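# Summary of structural features
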Amino acid sequence: MTLLNISKMGHPVLRQIAASVSDPTSTEIRELVENMVETMTEAGGTGIAAPQVFESKRIFVFFVSEDRANAEAERMGISIEGEAAVPLTVLVNPEIDFIGNQIDESWEGCLSIPGLMGKVPRHRSIRYRGLGLDGKLIEREATGFHARVVQHEYDHLNGVLYPERMTDIKSLIFSSEVGYQKADE
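What comes next concerns the included structure. (Residues numbered from 1 in each chain as written. Predicted model: local features only at pLDDT ≥ 70, side-chain atom pairs only at ≥ 80, totals over all residues. Heavy atoms only, no water.)

Before going further, it helps to spend a moment on helix α1 (residues 27-43). With 17 residues, α1 extends 24 Å from end C-alpha to end C-alpha; this agrees with the ideal 24 Å at 1.5 Å per step. Every buried residue of α1 is accounted for by Ile29, Leu32, Val33, Asn35, Met36, Val37, Thr39 and Met40. Glycine 44 occupies a position one or two residues after α1 and carries a positive phi of about 80°. (Helix = DSSP H or I, 4+ residues; strand = E, 2+ residues; numbered from the N terminus. Expected span 1.5 Å × (residues − 1). Buried < 20%, exposed > 50% of the residue type's maximum accessible area, 1.4 Å probe, protein only.)

Here's what the structure looks like:
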């Protein structure tokens, strides 16, 4: 496996609509995904999309730790019974449908925008589907942090970075300063 360079905000690859993958079972795609997982892990991320490693392909990987999911759910006052942790998931050619109209605003960071965080509104609940590396369909419903991570990574496939989703640019801050924000922010 190889650690890949991460594209940073301003690079054109992050503005492109990523191309569909014709064969998710190919050796090329499997190797790309293995390298993406290693890169995400090394960088301390919870997800990474192919455009973030200079590959304009409709692929992303993510996981949700139980601790992170529970902390976010508690902070937002929502219940995520039975859905807290999500194992490492690979989605090729994903699609998202929103469930309901409930929007939550919470802090997000991005490996392509190191050192910054912003408050981003996202749908609380979604349904998503995509192909795994075996070519089989993966379909899930997600709520809370799980839904937020999937929406964030999906945006990368459409050339969108989280600051474009923010409603108040004043909430764009250095990650080191998040602890100074009021609990209700």
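Let us look at the side chain of glutamine 151. By the element assignment, glutamine 151 lies in helix α3 (residues 145-157). For glutamine 151, a relative accessible area of 5% gives the class buried. At a separation of 2.8 Å, a polar atom in the side chain of glutamine 151 contacts the main-chain carbonyl oxygen of histidine 123. Apart from the residues lying within four places of it in its own chain, the contact partners of glutamine 151 are Ile96, Phe98, Arg122, His123 and Ile126. (Polar contact = N/O pair within 3.5 Å; in protein donor to acceptor, adjacent residues only side chain to side chain. Contact = heavy atoms within 4.5 Å.)

Right, let's talk about α3 for a bit. Under the 1.5 Å per step criterion, the end-to-end length of α3 is 19 Å for 13 residues, consistent within 8% with the ideal 18 Å. Counting buried residues in α3 gives 13 out of 13 residues, a clear majority hidden from the surface.

Moving on, we get to the pairing of strand β2 (residues 59-64). Summarising burial for β2: 5 of the 6 residues are buried, a large majority. Sheet analysis places strand β1 (residues 47-49) next to β2, joined by 3 bridges and oriented antiparallel. Residue alanine 49 lies in a different strand from β2, and its bridge partner there is phenylalanine 60. As paired strands, β2 and strand β3 (residues 86-109) are joined by 5 bridges and run antiparallel to one another. When the sheet's bridge partners are listed, valine 64 is paired in β3 with valine 86. (Pairing = 2+ DSSP bridges.)

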